[in-house]
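# Notes for the structure review
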Amino acid sequence: METDSESSGRLTGRVTVYTIVGCTHCLRAKSRLKDLGLPFCEVDVNEHSAVGQKIRELTGRSSVPQIFFNNIHVGGNDDFQKLPAEELQRLINIVKEEPLLLDAPPLQVEGSKEHDGDHKEGGLY
């Protein structure tokens, strides 16, 4: 997994953003996460179709981005941008303080040919 050495500390949990290349809504969501100083894992669902299918099953949505704070589905970029400040802070506290749960969304799907090395961890640049 790629890591950003300038990232401001480690989270106990994980923020995960499911994206595709060239998606402007994905870029906006990632930009806001960077502005907040939150490291995140980015999974391109075009490169990892099994993961994309699993995320569609979990969320009932086929659009990107899909954003998770640990196992909590925030939704897409519009949902993320509209989060009230206190709800956003609650989610940030969850990923800072609580470990990733077993039911968290996948970075890869068991039995697929994908591997962890293809997933990027984002952060401050």
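Look up a bit, the structure's there.
Below: a short report on this structure. (Residues numbered from 1 in each chain as written. Predicted model: local features only at pLDDT ≥ 70, side-chain atom pairs only at ≥ 80, totals over all residues. Heavy atoms only, no water.)

## Things to note about the pairing of strand β4 (residues 72-75)
The pairing of strand β3 (residues 66-69) with β4 spans three bridges and is classified as antiparallel. By the bridge assignment for β4, I67 is matched with G75. Adjacent in sequence and paired antiparallel, β3 and β4 are bridged by two residues, among which N70 carries a positive phi angle near 55 degrees. (Pairing = 2+ DSSP bridges. Helix = DSSP H or I, 4+ residues; strand = E, 2+ residues; numbered from the N terminus.)

## Describing helix α2 (residues 49-59)
Think of an α-helix as 3.6 residues a turn; residues three or four steps apart then line up on the same face. Residues of α2 that are buried: V51, G52, I55 and T59. Relative to the axis of α2, the buried residues are bounded by an arc of 100 degrees and lie together on one face. On the buried face of α2, the contacting elements are β1 (15-19), β2 (40-44), β3 and β4. Just downstream of α2, G60 is the residue with a positive phi angle, here 75 degrees. (Buried < 20%, exposed > 50% of the residue type's maximum accessible area, 1.4 Å probe, protein only. Arc of directions from axis to C-beta. Contact = heavy atoms within 4.5 Å.)

## Some thoughts on unusual backbone geometry
Cis peptide bonds are those with omega within 30 degrees of zero, and the linkage from V64 to P65 qualifies with 0 degrees. Structurally, P65 can be placed in the loop between α2 and β3. The phi torsion at N70 lies on the positive side, around 55 degrees, for a residue other than glycine. Position of N70 among the secondary structure elements: in the loop between β3 and β4.

## A closer look at the packing of aromatic side chains
If you walk through the whole model with that rule in mind, you get two aromatic pairs. Plain terms: the ring middles of Y18 and F68 are 5.9 Å apart, the flat faces sit at 90 degrees to each other, and that makes the pair edge-to-face. Placement of Y18 in strand β1 and of F68 in strand β3 is noted, with a sequence separation of 50 residues between them. The buried category is assigned to Y18, whose relative accessible area is 1%. (Phe/Tyr/Trp six-rings, centres within 6.5 Å; stacked < 30°, edge-to-face > 60°.)

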